[in-house]
Amino acid sequence: MPLADESIIGLPDFKIVDGQGRKTVEFAVEYMGVVQCPYCSSQWLRKKDSFLRRIKHHSIGLNNSCIWVKAHKYQCRECRKYFNSRFPGILPNQRATEPFKEEVAIKHHMGHCKSKLAQFLNIGSATVERWYQEFLKRQFIERTNAHCPKILGIDEKHFTKRLGYLTTFADLRKHKVYDLALGRSEASLEGFIKKIPNRSNCRVIVMDLSETFRNLARKFFSTAMIVADRFHVVKLINHHFLKTWAILDKQGRKNRGLLSLMRRHPRNLKDEAQRLRLRHYLRSVPGLEAVYDFKQKLMDVILSRVYSRSEAQPLVCEFLEQIAELKYSGFEPLQTLGHTLESWQMEIVRMWRFSKTNSITEGLHTRMEEILRRAYGMRNFDNFKIRVKAFCG
């Protein structure tokens with residue numbers, strides 16, 4: 001008895017003749033499309049034999065399904081070659097349709113266990129892995145040679161002990177990974193960046209205070225504006241401040257309670273008792289209170305947000321005065337900090353107006369760690385790159 005709804009199987013040019021079964025729904029179908037020679041496209045054919053093919057198909061609700069189709073062996077009367085029937089959505093010599101393969105790959109991609117998935121669908125675990133690898137490669141090819149994003153985030157991440165570091169190029173507008181490159185030096189990244197299509201499309205590049213990344217950006221992204229990453233600037237200031245603290249009071253620097261208080265901004269302290277304790281300690285160490293207060297003023301300037309050039313002008317003057325004070329300070333860590341901030345002053349000033357940061361890239365690095373943990377580590381960078389672009393691209 002023919003079924004009225006023929007679109008249920010989702011394959012073109014097929015007509016459903018019959019359907020039955022509960023656990024596995026089986027459809028008897030008939031191919032209604034044009035048959036032609038795959039070698040010369042001729043339709044002048046001769047039937048030599050016929051046979052039934054049972055092909056696994058995508059799930060219907062919670063039930064598995066398969067289709068039975070009558071296929072033929074043909075001989076082309078023009079090129080004299082033999083071939084079997086070719087059906088849309090079914091590759092030659094395959095026992096499963098392409099929609100079924102994609103369904104299996106997507107389920108495994110979304111976290112379904114490979115062995116349980118194979119048991120439920122009555123296929124082999126190796127088959128699930130093979131179809132999943134094909135799915136990842138298709139996803140990777142679709143994203144290859146994509147245009148360079150307008151807002152690009154660049155950051156490094158450790159990969160393996162043998163291969164070292166990799167560099168992540170992230171699309172900060174879409175919160176996705178644009179591409180990965182092995183290495184973090186100029187020599188290892190130059191060849192990769194030269195192959196990025198439409199580099200002139202990039203308008204903003206967000207990066208940490210890395211001289212290597214800045215040189216590459218100036219060399220290959222001439223039209224892009226370089227912006228310092230807010231998180232790394234704050235981290236750098238805290239790092240040099242803690243070094244200065246260790247010079248003034250080596251024992252107090254080792255106190256974890258004091259360390260927690262010194263790292264936090266005064267407005268983030270829980271109660272008045274913590275503020276009094278911190279202030280009492282600062283006054284007990286000569287010179288530390290002045291260094292601490294200067295650091296808080298510098299942090300207020302660094303974390304500022306402006307919306308126009310007129311708002312930024314007084315902050316710029318204050319920032320330059322603070323850099324001068326750092327450079328002529330009596331402590332070596334603060335002098336080093338002053339020279340670094342002076343070298344990156346333009347990029348830091350742009351940071352006040354720009355809202356995007358590399359926290360998006362750091363979040364993508366967390367997802368990369370999940371991929372590595374799920375695979376119990378990966379040694380092949382190319383395979384890792386394919387998986388990252390499928391999950392995070």
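Residues numbered from 1 in each chain as written. Predicted model: local features only at pLDDT ≥ 70, side-chain atom pairs only at ≥ 80, totals over all residues. Heavy atoms only, no water.

1. With respect to the overall build of the protein
Working step 1: Across its full length, the protein carries 15 helices and ten strands.
Working step 2: Its C-alpha atoms put the protein at 100 × 45 × 45 Å along the principal axes.
Working step 3: Burial status across the protein gives 44% buried among its 393 residues.
Working step 4: Counting only contacts in the protein whose residues sit at least 6 apart along the sequence, the fraction spanning at least 24 positions is 57%.
Working step 5: Approximately 22100 Å² of the protein is accessible, and the part contributed by carbon and sulfur atoms is 50%.
Working step 6: A gap of 6 Å separates the mean positions of the 69 positive and 40 negative side-chain charges of the protein. (Helix = DSSP H or I, 4+ residues; strand = E, 2+ residues; numbered from the N terminus. Buried < 20%, exposed > 50% of the residue type's maximum accessible area, 1.4 Å probe, protein only. Contact = heavy atoms within 4.5 Å. Areas by Shrake-Rupley, 256 points an atom, 1.4 Å probe, with all protein chains shown as cover. Lys, Arg positive; Asp, Glu negative; His and termini not counted. Charge placed at Lys NZ, Arg CZ, Asp CG, Glu CD.)

2. Some remarks on the sheet that holds strand β10 (residues 225–228)
For sheets, the rule is that strands pair by backbone hydrogen bonds, running either parallel or antiparallel.
Working step 1: Sheet architecture is open: five strands sit in the order β8-β7-β6-β9-β10, paired in mixed fashion. Pairing within the sheet leaves two strands with one partner each, and these edge strands are β8 (176–182) and β10. Direction aside, the axes of adjacent strands within the sheet are offset by 30° on average.
Working step 2: Its contacts with the sheet place helix α14 (residues 359–374) against β6 (151–160), β7 (164–171) and β8, and it is angled at close to 35° to β6. (Pairing = 2+ DSSP bridges. Axes fitted to C-alpha atoms, helices over the stretch in contact; angles between N-to-C directions.)

3. Observations concerning the packing of aromatic side chains
Working step 1: The full count for this structure, using the stated rule, is twelve aromatic pairs.
Working step 2: Plain terms: the ring middles of Y132 and F135 are 6.4 Å apart, the flat faces sit at 20° to each other, and that makes the pair stacked. Here F135 and Y132 lie together in helix α3 (residues 125–143), a separation of three residues that amounts to about one turn.
Working step 3: Judged by its relative accessible area of 1%, Y132 falls in the buried class.
Working step 4: Since its relative accessible area comes to 7%, F135 is described here as buried.
Working step 5: Measuring from ring centre to ring centre gives 5.8 Å for F159 and F381, while their planes differ by 80°; the resulting arrangement is edge-to-face. Residue F159 is found in strand β6, and its partner F381 is found in helix α15 (residues 381–392); the two are separated by 222 residues along the sequence. The pair F159 / F381 is uniform in exposure class, with both members buried.
Working step 6: Among the aromatic residues, those joined into a cluster by ring pairs are F14, Y31 and F87.
Working step 7: The ring of Y165 has R184 lying over it, and the distance from NZ or CZ to the ring centre is 3.7 Å.
Working step 8: Lying across the ring of W344, R214 places its NZ or CZ 3.9 Å from the centre. (Phe/Tyr/Trp six-rings, centres within 6.5 Å; stacked < 30°, edge-to-face > 60°. Lys NZ or Arg CZ within 6 Å of the ring centre and 35° of its normal.)

4. What to know about a negative patch on the surface
Working step 1: Taken together, D300, E318, E321 and E325 make up a surface patch of like negative charges.
Working step 2: Considering each element in turn, the negative patch owes the most residues, three residues, to helix α11 (residues 309–327).
Working step 3: Examined against the element boundaries, E325 turns out to sit in helix α11.
Working step 4: Residue E325 is classed as partly exposed on the basis of its relative accessible area, which comes to 49%. (Patch = residues over 30% accessible without salt bridge, like charges linked within 9 Å, V, L, I, M, F, W, Y side chains within 5 Å. Salt bridge = Lys/Arg side-chain N within 4 Å of Asp/Glu carboxyl O.)

5. Considering the side chain of H265
Working step 1: Relative to the elements of secondary structure, H265 occurs in the loop between α8 (256–263) and α9 (272–284).
Working step 2: With a relative accessible area of 16%, H265 lands in the buried category.
Working step 3: For H265, the side chain forms a polar contact with the side chain of D300, separated by 3.1 Å. (Polar contact = N/O pair within 3.5 Å; in protein donor to acceptor, adjacent residues only side chain to side chain.)

6. Some details on the packing of α11 against helix α12 (residues 332–343)
Working step 1: At a minimum axis separation of 7 Å, α11 and α12 run at an interaxial angle of 140°. Where α11 crosses over α12, the handedness of that crossing is left-handed. Residues F319, I323, L326 and K327 of α11 pack against L334, Q335, L337, G338, H339, L341 and E342 of α12. (Left-handed = near helix turned anticlockwise from the far one by under 90°.)

7. Observations regarding the nonpolar core
Working step 1: Membership of the largest hydrophobic core comes to 71 residues, with the highest contact counts inside it found for I193, I205, F221, I302, F319, I348 and F384.
Working step 2: Among the elements that line this core, the one with the most residues is α15, at seven residues.
Working step 3: Setting aside its immediate chain neighbours within four residues, F319 contacts L298, V301, I302, L341, Q345, I348, V349 and W352. (Core = buried A, V, L, I, M, F, W, Y, C linked by side-chain atoms within 4.5 Å.)

8. Regarding unusual backbone geometry
Working step 1: Residues other than glycine seldom take positive phi values, yet N198 does so here, at roughly 55°.
Working step 2: Looking at the element boundaries, N198 is found in the loop between α4 (186–194) and β9 (204–207).
Working step 3: According to the relative accessible area criterion, N198 is partly exposed, its value standing at 41%.
Working step 4: Located in the positive-phi region is Y376, a residue other than glycine, with phi close to 55°.
Working step 5: Residue position: Y376 is located in the loop between α14 and α15.

9. Quick look at the packing of helix α10 (residues 288–302) against α11
Working step 1: Between α10 and α11, the least distance of the axes is 10 Å, while the angle of their chain directions is 145°. For α10 against α11, the interelement crossing comes out left-handed. Residues F294, K297, L298, V301 and I302 of α10 lie in contact with α11, whose contacting residues are L315, E318, F319, Q322, E325 and L326.

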